[in-house]
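As a plain string of letters, each chain reads:
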Amino acid sequence: MSADLKKLPKVDDALKNQLEGFTPEKLKRATTAEKTALPTKEELAAEKQHEELLHNIEGFPCNKLKRTSTSERIVLPTSEDVEKEKQELQHLKAVEGFNAANLKHAQTQEKVVLPNQEDIETERTHQNLIKGVTGFDKSTMRHAETQEKVALPAKEDIQTEKTHQSIFQGVQGFDKTNMRHTETQEKVALPAKEDIESERRHLKLREGVEKFDRSTMRPTETSEKCSLPTPTDIETERRHLKLVAGVEKFDRSTMRPTETSEKCSLPTPQDIKTEKEQQALRAGIEGFDASVLKKTETQEKNPLPTKEEIEQEKKA
């Protein structure tokens, strides 16, 4: 039981004294006010769109669906996959047939690394900060009330919402009968000359690593060097310590209360001109007459491979 108590974390003495000397009589009674937040315009629009989508799904006529058959294709492994599988089997056989008697006994040496000056200074700063927080006098604090402000949407937000609504209406009211049936054709792209050359270099590199002769390697010893700090590092550390000491010993009584004044800057003539141009552009897009557009047909072209590409494919 004593061993378990020793493993438990220790509480700071100052914090422990404050917790033991705490009395519930010092607490002030407060009343909780519940506020009901009304949904915003975006939430109502999203809910309406979700209900319309569910209604369209429930009322969708299943008799318009056509029966299709799925054809499964068996993809044969490439020469690279076969070569990779062979190499993995060779590795597994080499690992399973490895003779553990060839291993040499080694002893592990544990080294205790002492903390440097930076770690000690960081720990000292951390302890001073904890003491400052635990020993803070709450009686010096003043009561403050939080004011909630409701920000109305700007003109740009309203215009963007109108544009989104018009797009949603166009998508929801789209007539699917105008669509034509199309068939998708899968094209097999041949590898380029650069890809073939890169793959060839990768295979040569892998063969060189696998067939590497370890007997040509020589034993080496690692020597650890402790580099002393430069005069610049010492000067930087000294300035940092002075700054930390100045912050810790700062006299708050010299501070004066200040009030923040918010300024509302009016838009410049260039901003007003830009806003007018954007509004005119949006009005032109929203009022565009789609009947003016002409119907076009898209033709897909299947380019044949050149003589050089066929020759590269034969060589590969």
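Note that the structure is predicted; figures quoted are calculated from it, not measured. (Residues numbered from 1 in each chain as written. Predicted model: local features only at pLDDT ≥ 70, side-chain atom pairs only at ≥ 80, totals over all residues. Heavy atoms only, no water.)

All right, on to the overall build of the protein then. When helices and strands are tallied, the protein shows 10 helices and 0 strands. Starting at the N terminus, the α and β elements of the protein follow one another as α-α-α-α-α-α-α-α-α-α. Principal-axis analysis of the C-alpha atoms places the extent of the protein at approximately 85 × 80 × 55 Å. Within the protein, the fraction of its 316 residues that count as buried is 2%. As presented, the protein carries roughly 34100 Å² of accessible surface, and 55% of it is formed by carbon and sulfur atoms. With 54 positive and 60 negative side-chain charges, the protein shows a separation of 2 Å between the mean positions of the two kinds. (Helix = DSSP H or I, 4+ residues; strand = E, 2+ residues; numbered from the N terminus. Buried < 20%, exposed > 50% of the residue type's maximum accessible area, 1.4 Å probe, protein only. Areas by Shrake-Rupley, 256 points an atom, 1.4 Å probe, with all protein chains shown as cover. Lys, Arg positive; Asp, Glu negative; His and termini not counted. Charge placed at Lys NZ, Arg CZ, Asp CG, Glu CD.)

As a further point, take the packing of helix H5 (residues 117-134) against helix H8 (residues 231-248). In the contact formed by H5 and H8, the axes pass within 12 Å of each other and the chain directions differ by 5°. The pairing of H5 with H8 is recorded here as roughly parallel in orientation. Taking contact as the criterion, the partners of Glu118, Glu121, Thr125 and Asn128 in H5 are, on H8, Glu237, Leu241, Val244 and Glu248. Considered class by class, the residues forming the contact of H5 with H8 number 2 nonpolar, 2 polar and 4 charged. (Axes fitted to C-alpha atoms, helices over the stretch in contact; angles between N-to-C directions. Parallel < 35°, antiparallel > 145°, perpendicular 65-115°, else oblique. Contact = heavy atoms within 4.5 Å. Nonpolar A, V, L, I, M, F, W, Y, C, P; charged D, E, K, R; others polar.)

The subject of this paragraph is the environment of Glu313. Following the sequence through the fold, Glu313 ends up in helix H10 (residues 307-315). When the C-alpha positions of Glu313 and Gly287 are compared, they lie 54 Å apart, and in sequence the two are 26 residues distant. When near neighbours in sequence (up to four residues on either side) are disregarded, Glu313 contacts Leu190 and Pro191.

Relative to the assigned elements, Asp81 resides in helix H4 (residues 79-96). A polar side-chain atom of Asp81 sits 3.2 Å from a polar atom in the side chain of Thr78. (Polar contact = N/O pair within 3.5 Å; in protein donor to acceptor, adjacent residues only side chain to side chain.)

So, about the pattern of salt bridges. For the structure shown, the criterion picks out 3 salt bridges. With a shortest N-O distance of 3.8 Å, Arg238 and Glu235 are connected by a salt bridge. Of this pair, Arg238 and Glu235 both sit in helix H8, separated by 3 residues, roughly a single helical turn. Using a relative accessible area of 45% as the deciding quantity, one classes Arg238 as partly exposed. (Salt bridge = Lys/Arg side-chain N within 4 Å of Asp/Glu carboxyl O.)

Looking now at a negative patch on the surface. Taken together, Glu42, Glu43, Glu156 and Asp157 make up a surface patch of like negative charges. Among the structural elements, Glu42 can be located in helix H3 (residues 41-58). Judged by its relative accessible area of 58%, Glu42 is exposed. (Patch = residues over 30% accessible without salt bridge, like charges linked within 9 Å, V, L, I, M, F, W, Y side chains within 5 Å.)

So, on to the side chain of Gln87. Within the fold, Gln87 resides in helix H4. Assessed through its relative accessible area of 13%, Gln87 is described here as buried. If we ignore the near neighbours within four places in the chain, the residues touching Gln87 are Arg206 and Glu210.

We now examine the confidence of the model for the protein. When pLDDT is averaged across the protein, the result is 80; 93% of the residues are at 70 or more. Considering each helix and strand of the protein separately, the mean pLDDT is smallest for helix H1 (residues 2-7), with a value of 56, and largest for H8, with 88. (pLDDT = per-residue confidence, 0-100.)

Below, the discussion takes up a nonpolar patch on the surface. A surface patch of nonpolar side chains, about 290 Å² in accessible area, is lined by Leu53, Leu54 and Ile57. The residue Leu54 is located in helix H3 in this model. Overall, Leu54 belongs to the partly exposed group, its relative accessible area being 40%.

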